[in-house]
Amino acid sequence: MSDLILYTKQDGVGIITVNNPPVNALSPGVPEGIAAGVEQFVADEEVQAIILIGGGRTFIAGADIKEFGKITSGKKRESSLLPLMLAMEDSPKPLVVAIHGTAFGGGLEVAMGAHYRVASPTAQVGQPEVKLGIIPGAAGTQRLPRLAGVAIATKMCAFGEPVKAKEALSAGIVDQIIEGDLLAGAIAFALDSAKKVVHSKPRERNDKLGSPETNAPIFAEARAAAKKTHRNQNAPLAAIDAVELATTLPFEEGCRREREIFEQCLFDTQSKSMIHAFFGEREVAKIPGISKETPVREIKRAAVIGAGTMGGGIAMNFANAGIPVILKESSADALARGVATIEKNYSNSVAKGRFSAEVMAQRMALIKPQLNYDGFDQVDIITEAVFEGMALKKEIFSVIDDLAKPGCILASNTSTLSIDEIASNTARPQDVIGTHYFSPANVMRLLEIVRGRATGDDVIASSMALAKKLNKVGVLVGNCRGFVGNRMIHCYGREAQFLVEEGAPPRKVDAVLYNWGMAMGPLSMSDLAGLDVGWRIRKEFKHLEKPGVRVALVADELCEMGRFGQKTKAGWYKYDENRKQTPDPVVDEAILRLASAAGIKRREISDQEILERTVYALVNEGARILEEGIALRPVDIDVIYLTGYGFPTYRGGPMFYADTVGLSEVCKKVCEFEAAHGELWEPAPLLKKLAEEGKTFGQWAKERA
Ligand code: T1G
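Rules of the game
Residues numbered from 1 in each chain as written. Predicted model: local features only at pLDDT ≥ 70, side-chain atom pairs only at ≥ 80, totals over all residues. Heavy atoms only, no water. Helix = DSSP H or I, 4+ residues; strand = E, 2+ residues; numbered from the N terminus. Buried < 20%, exposed > 50% of the residue type's maximum accessible area, 1.4 Å probe, protein only. Contact = heavy atoms within 4.5 Å. Areas by Shrake-Rupley, 256 points an atom, 1.4 Å probe, with all protein chains shown as cover. Lys, Arg positive; Asp, Glu negative; His and termini not counted. Charge placed at Lys NZ, Arg CZ, Asp CG, Glu CD. Near = heavy atom within 4 Å. Polar contact = N/O pair within 3.5 Å; in protein donor to acceptor, adjacent residues only side chain to side chain. Nonpolar A, V, L, I, M, F, W, Y, C, P; charged D, E, K, R; others polar. Axes fitted to C-alpha atoms, helices over the stretch in contact; angles between N-to-C directions. Parallel < 35°, antiparallel > 145°, perpendicular 65-115°, else oblique. Left-handed = near helix turned anticlockwise from the far one by under 90°. Salt bridge = Lys/Arg side-chain N within 4 Å of Asp/Glu carboxyl O. Core = buried A, V, L, I, M, F, W, Y, C linked by side-chain atoms within 4.5 Å. Domains from an automatic or database assignment. Buried area = accessible area lost by both parts, 1.4 Å probe. Expected span 1.5 Å × (residues − 1). Phe/Tyr/Trp six-rings, centres within 6.5 Å; stacked < 30°, edge-to-face > 60°. Lys NZ or Arg CZ within 6 Å of the ring centre and 35° of its normal.

### Some details on the overall build of the chain
- The helix and strand tally for the chain stands at 30 helices and 19 strands.
- Seen through its principal axes, the chain has C-alpha atoms that stretch 90 × 60 × 50 Å.
- The 705 residues of the chain split such that 54% are buried.
- Sequence separation of 24 or more characterises 73% of the internal contacts of the chain that already satisfy a separation of 6 or more.
- For the chain, the accessible surface area stands at approximately 29,700 Å², while carbon and sulfur atoms represent 55% of it.
- If the 84 positive side-chain charges of the chain are averaged to one point and the 88 negative ones to another, these points end up 2 Å apart.

### Regarding the site of the ligand
- Of all residues adjacent to the ligand, which total 29 residues, the nearest are R57, A63, G106, E109 and G137.
- Contact between the ligand and R57: an oxygen atom at 2.7 Å from a side-chain N or O atom of the residue.
- A distance of 3.0 Å is found between an oxygen atom of the ligand and a side-chain nitrogen or oxygen belonging to K286.
- For the ligand, whose accessible area on its own is 990 Å², the fraction buried by protein is 77%.
- Mapped onto the shell around the ligand, the elements with two or more residues apiece are β5 (102-104), α4 (106-111) and α12 (269-283).
- Across the shell around the ligand, the residue classes tally to 17 nonpolar, 5 polar and 7 charged.

### Here we look at unusual backbone geometry
- The omega angle of the peptide bond from P21 to P22 is 10°, so this bond is cis rather than trans.
- Take P22: it is sitting in the loop between β2 (13-18) and α1 (30-43).
- Residues S439 and P440 are joined by a peptide bond in cis, for which omega reads -5°.
- Summarising the element assignment, P440 is placed in the loop between β15 (432-437) and β16 (446-451).
- Not every positive phi belongs to a glycine, and A139 is a case in point at roughly 70°.
- Residue placement: A139 occurs in the loop between β7 (124-126) and α5 (140-148).
- The residue N471 is not glycine, and still its phi comes out positive at about 60°.

### With respect to the packing of helix α6 (residues 150-159) against helix α10 (residues 235-246)
- Interaxial distance between α6 and α10 falls to 8 Å at its minimum, and their mutual angle equals 150°. On the basis of the axis angle, α6 is roughly antiparallel to α10. Relative to α10, α6 is oriented so that their crossing is right-handed. Between α6, through A153, T154, C157 and A158, and α10, the contact on the second element is made entirely by P236, A239, I240 and V243.

### Describing the side chain of D527
- The residue D527 is located in helix α21 (residues 522-529) in this model.
- Of the side chains with opposite charge, R563 lies nearest to the buried D527, which makes no salt bridge, at 7.0 Å.
- If we ignore the near neighbours within four places in the chain, the residues touching D527 are F564, G565, Q566, G571, W572, Y573 and Y575.

### Here's the deal with the pattern of salt bridges
- In total, this model carries 53 salt bridges according to the counting rule given.
- The partner of R494 in a salt bridge is E495, and the shortest N-O contact between them spans 3.0 Å.
- Residues joined by salt bridges that share partners form a network here, namely R494, E495, E501, E502, R550, R603, E609 and R613.

### Considerations on the nonpolar core
- Counting 95 residues, the largest nonpolar core has I382, V484, W572, L687 and F697 as its most contacted members.
- Both of domain 2 (302-477) and domain 3 (485-629 + 633-704) provide at least three residues apiece to this core.
- Setting aside chain neighbours within four positions, we find I382 in contact with A303, I305, F376, I400, A404, C408, I409, L410 and A411.
- Core analysis: the next-biggest nonpolar cluster, separate from the first, contains 68 residues, I60, A114, I173 and C265 among them.

### Overview of the domain arrangement of the chain
- According to the domain assignment, the chain consists of domain 1 (5-271), domain 2 (302-477) and domain 3 (485-629 + 633-704).
- A straight line from the C-alpha centre of domain 2 to that of domain 3 covers 29 Å.
- Contacts between the two partners involve 16 residues from domain 2, matched on the other side by 12 residues from domain 3.
- In total, domain 2 and domain 3 occlude about 1,100 Å² of area from one another, counting both sides; carbon and sulfur atoms represent 66% of this.

### A word on helix α13 (residues 309-320)
- Its 12 residues give α13 an end-to-end C-alpha distance of 16 Å, which sits within 8% of 16 Å, the value for a rise of 1.5 Å per residue.
- In terms of burial, α13 is largely enclosed, as 10 of its 12 residues are buried.
- Within α13, burial applies to M310, G311, G312, G313, I314, A315, M316, N317, F318 and A319.
- One or two residues past the end of α13 sits G322, with phi positive at roughly 80°.

### Observations regarding the packing of helix α14 (residues 332-351) against helix α15 (residues 357-366)
- Between α14 and α15, the least distance of the axes is 9 Å, while the angle of their chain directions is 155°. The angle between α14 and α15 places the two elements in the roughly antiparallel class. The two elements α14 and α15 cross, and the hand of that crossing is right-handed. For the pair formed by α14 and α15, the contact residues are V339, I342, E343, Y346, S347 and V350 on the first element and A357, M360, R363 and M364 on the second.
- Considered class by class, the residues forming the contact of α14 with α15 number 7 nonpolar, 1 polar and 2 charged.

### What about the side chain of E621?
- With respect to the helices, strands and loops of the structure, E621 is situated in helix α25 (residues 607-627).
- Here R487 takes part through its side chain, which lies 2.8 Å from a polar atom of the side chain of E621.
- Once you skip the residues sitting within four places of it in the chain, E621 turns out to touch R487, M488 and C491.

### Digging into the packing of aromatic side chains
- Taken as a whole and assessed by the stated rule, the structure comprises 11 aromatic pairs.
- Here the aromatic rings of Y641 and Y645 are separated by 4.3 Å at their centres, their planes lie at 15°, and the arrangement is stacked. Judged on exposure class, the residue Y641 and its partner Y645 are both buried.
- Taken together through their ring pairs, the aromatic side chains of F438, Y641 and Y645 make up a single cluster.
- Above the ring of Y514, the side-chain terminus of R231 is found at 3.6 Å from the ring centroid.
- Against the face of F278 rests R282, its NZ or CZ located 3.7 Å from the ring centre.

### Brief notes about the environment of S412
- When you line up the elements, S412 lands in strand β14 (residues 409-412).
- Separated by 140 residues in sequence, S412 and K272 have C-alpha atoms that sit 36 Å apart.
- In contact with S412, other than residues within four places in its own chain, are E384, K393, F397, I419, I422, I433, G434, T435 and H436.
- Here the side chain of S412 touches T414 through a polar contact of 3.0 Å, landing on its backbone nitrogen.

Spelled out as structure tokens, the structure:
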């Protein structure tokens, strides 16, 4: 009896319990232990039925994703789970899987190897493999259509979304929902099943496989949807292919073909990138030098100063997490506008069925709009979200420093200004931290947590814990202009604008990055964020610009013309009332005029150059950020770009992507750009060093861990 699997007997039922915390992954030893348990209980005359159940908080949540790296690097061969499921299905005694928590991936596939499945009301099932760039590899695409029908199986395998217990019951994936004690209910169900003579084997249930006529539209619709919502991703389409094979091939052949498709996906760069992203989102929560035992200050009440786009969105985050939040503004009009925007955002979610009107009312009730500082002495965190000007921020921090109770965290939502300078205006710099939300603050998952020189470890730990509570991905960054995300996007946007001045039409620059996988092109993204934001920052930092170094020409001109982007229906593009963008000859004229006045020779620019000049600008600046210790690890930069800037997950983030290209290639290009465009392209020493050593950012991080 290995400690990964426990075998017990109760009322004539053999119970196999998986004991592999935290999520009962199918790590080496787990499938073998389950198989041994089935064999042992089939042979045991005292046992009439068998149950497989998960210990701890969940049933099996899937294959052990940590093992995939060993397989793709050739360190080990992947052992197939298929024999285990066949042994389960061929058991002469009824085999019942009892599901709580999440039966995901291999967990659901193992469950579908049993004769029956019962579940607690809050359980979920799913085949989320496509979120890792792979497809179910243990007959999930072959058994699921046999249990749930082709339409549901196609949707679950192609898009990876979980299905709640009730839906799973009506789909035929689960046979009974067990209220109360899951094991007791499963034992009763198993003993009842033992009275039956025949126990159906999911692999033999072909009645739900439909016909070519009924299936064709299902697959066509799924393929069209996948191409739209999972642009450029291989796995969703591969999953649909595998489910389609279940409807045309015998089960064994279908499993064989599924395996081939699975392996193709597993060895593809897209999967390696998405697995990097999966673990990355969890790794960034681990802060070297700050132990998990660091005391965390509980956030029971909050206050936000500023009810603008950001402040309103930040207040919504607290309300969504059930935390009462004061929302303070300086003028009644601004406050009313802020509250109205929050109401509109919530109403839109209710209209889309995301949650009920009652939930909206509960959340609105948690937000207390006011024009004064009443109650600020009671809250556990105050988040300043006012105009991006240092003088105003320092004034506010001086006020809240006097008002706030001891231990209250004083956070700024500044996107570029110095946390140290803000903290210097308080008597409690150890309680001051940056919590940089990304617009729209109630939607974007990224939260850059900016540590000041004096910020206390417990304030950092508390802010990381708060990020999780607000359903954000908190990434700790150092204090510099633009921190990590905005500091890098400045270089990316600068190159996009230089390319426009040198001859690439705005639409072409945007199309190259959009087609490569970015959620939006750089110029469209500026129009969305507001060109005036960058304009104000450039003015704030004008005194720091090095004379003689090239600066972008057109954006300032557009701002002088009052073209701030979507909010003024004109920026790099024109926008109609539905925000549909069209090129604008006014912009083309400004580009030509400014480029010519600056003596910039215009030329035909290739897609490849557009891609490399923008993405490698991110990589080169990212390398500098790593050298300066502003980001803890390359993966922190990747997660920032994946969760805050629309970087495609199937490319893993800027630093991981550079590793897949090869740093010597990236560095070669950066040096070419330096020769052509001057010092802005000076290769970061770390990039140069790793390129010379033939290393990756990932290896560099491992050596330092
Ligand atoms: N393998 C290895 N480690 C895993 C894991 C997995 N499948 N799932 C989670 N972890 C780790 C995670 O890294 C973290 O580690 C800890 O467990 C808690 O996770 C054969 C091939 C189940 C919904 O894709 O969706 O099966 O940071 O923080 O928020 O065809 O984990 O503590 O060191 O996410 O409560 C398919 C992935 C695999 C499920 C729980 N399965 N996991 O969420 O905890 S491929 C998945 C999740 C497969 C088959 C194919 C979530 C969760 P650490 P957590 P959570």
